[in-house]
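Read off the chains here:
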Amino acid sequence: MQTESQNSTEPLLKTSGLTRRFGGLIAVNDVDFEIRPREILGLIGPNGAGKSTTFNLISGFYKPSSGSLKILGSDCTGRSSMVISRMGLVRTFQHGSLMPSMTVHENILLGTLHGIRGHAARRKRAEETAEMLGLTSYLAESAGTLPHGIQRLVSIGIAFAARPRLLCLDEPLTGLNQTEVTDTLSMLERIRDDFGCSVLLVEHNMKAVMQVCDRIVVLHHGEVLATGTPTEIRSDQNVINAYLGHRHGN
Ligand SMILES: Nc1ncnc2c1ncn2[C@@H]1O[C@H](COP(=O)(O)OP(=O)(O)OP(=O)(O)O)[C@@H](O)[C@H]1O
Ligand SMILES: [Mg+2]
């Protein structure tokens, strides 16, 4: 958990020249960005822009081909996902993070396994997390039988049960209806405001991104095309030409 004494000007996470090649393809190319304490940072870009690869690089699932990654000022380049999660970065996966045959309670308990000692304390954390996400009435249900929107919330619950400093969500709004989107966005704001947690949000729902993010990084062909507030990004000519214009032109 983030403490009040943490220097608020020090980035939580900072990449410099982050690059990842797959054979001849450069999926992420010389990417510099930072995530600050208590901010919701949107990472957007067209399909194949390198968003999930960036996620995998900062969470230790992929090793960078070159470049560096710092978390709270410590060099974490090439460190394992286990080490990085202990430093407070927890993520969800684009195509689901839960165990379908286990109950919601058991799933959220999985997120408490590192860092909390004792079954009673873990149960309490899982129950508090479920309550915060509006999942209390589903605790005894098998996760795989629940509606898609609830399963998405359970995935966030597993990640947030660890009370990370930085919660990384890969397309958490896919397939949600408008009410579920609104509820999830206010939950992300609570995670930021009440728990001092930063959120990295990869998302194609532009309206939601513009509404909830404090800042946005736009990736295009693996490179950072623009960084700024939603207002700045909306009026950035490069972004309009390469991405938003292209989308609306479809
Ligand atoms: N494990 C891999 N092996 C080979 N190529 C990969 C691998 N992972 C990603 N790529 C390629 O890297 C590029 C970036 O992919 P990535 O999944 O990061 O994009 P994305 O922005 O998350 O796209 P989407 O919006 O569709 O999820 C794509 O050309 C993709 O085919
Ligand atoms: Mg992706």
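Residues numbered from 1 in each chain as written. Chains lettered and ligands numbered in written order. Predicted model: local features only at pLDDT ≥ 70, side-chain atom pairs only at ≥ 80, totals over all residues. Heavy atoms only, no water.

K.L.:
An account of the sheet that holds strand β3 (residues 40–44) is requested, with residue identities and associated values reported.
P.N.:
Strand order across the open sheet formed by 6 strands is β6-β7-β8-β3-β9-β10, with mixed pairing between neighbours. Every interior strand has two partners, whereas the edge strands, β6 (89–91) and β10 (223–228), have only one. Strand after strand, the sheet turns through a mean of 20° between neighbouring axes, direction not considered. When β3 meets strand β9 (residues 215–220), the two strands line up parallel, connected through 4 bridges. Note that in β9 the partner of isoleucine 44 across the bridge is valine 218. (Pairing = 2+ DSSP bridges. Helix = DSSP H or I, 4+ residues; strand = E, 2+ residues; numbered from the N terminus. Axes fitted to C-alpha atoms, helices over the stretch in contact; angles between N-to-C directions.)

K.L.:
Got a sec to walk through the packing of aromatic side chains? Specific residues and values, please.
P.N.:
Applying the stated criterion across every chain, the model contains 2 aromatic pairs. Ring geometry for phenylalanine 22 and tyrosine 62: centres 5.6 Å apart, planes at 80°, overall edge-to-face. On the criterion of sequence distance, the pair formed by phenylalanine 22 in strand β1 (residues 13–22) and tyrosine 62 in the loop between α1 (51–58) and β4 (66–71) is long-range, its members being 40 residues apart. Residue class for tyrosine 62 comes out partly exposed when judged on its relative accessible area of 29%. Ring centres 5.0 Å apart and planes at 90° place the aromatic pair phenylalanine 160 and phenylalanine 195 in the edge-to-face group. With phenylalanine 160 in helix α5 (residues 148–160) and phenylalanine 195 in helix α6 (residues 178–195), the pair connects residues that are 35 residues apart, well separated along the chain. Looking at phenylalanine 160, the relative accessible area reads 1%, which means it is buried. (Phe/Tyr/Trp six-rings, centres within 6.5 Å; stacked < 30°, edge-to-face > 60°. Buried < 20%, exposed > 50% of the residue type's maximum accessible area, 1.4 Å probe, protein only.)

K.L.:
Explain the nonpolar core to me, using residue names and the numbers behind them.
P.N.:
Among the nonpolar cores identified, the biggest contains 47 residues, and Leu135, Leu167, Ile191, Ile216 and Val218 are the most heavily contacted of them. Ranked by the residues each element gives to this core, the list is headed by α5, at 7 residues. Two domains each put at least three residues into this core: domain 1 (13–88 + 165–249) and domain 2 (99–163). Apart from the residues within four sequence positions on either side, isoleucine 216 is in contact with Leu41, Gly42, Ile44, Val209, Met210, Ala226, Thr227, Gly228, Pro230 and Ile233. Ile58, Ile71, Cys76 and Leu200 belong to the second-largest nonpolar core, a separate cluster that totals 24 residues. (Core = buried A, V, L, I, M, F, W, Y, C linked by side-chain atoms within 4.5 Å. Domains from an automatic or database assignment. Contact = heavy atoms within 4.5 Å.)

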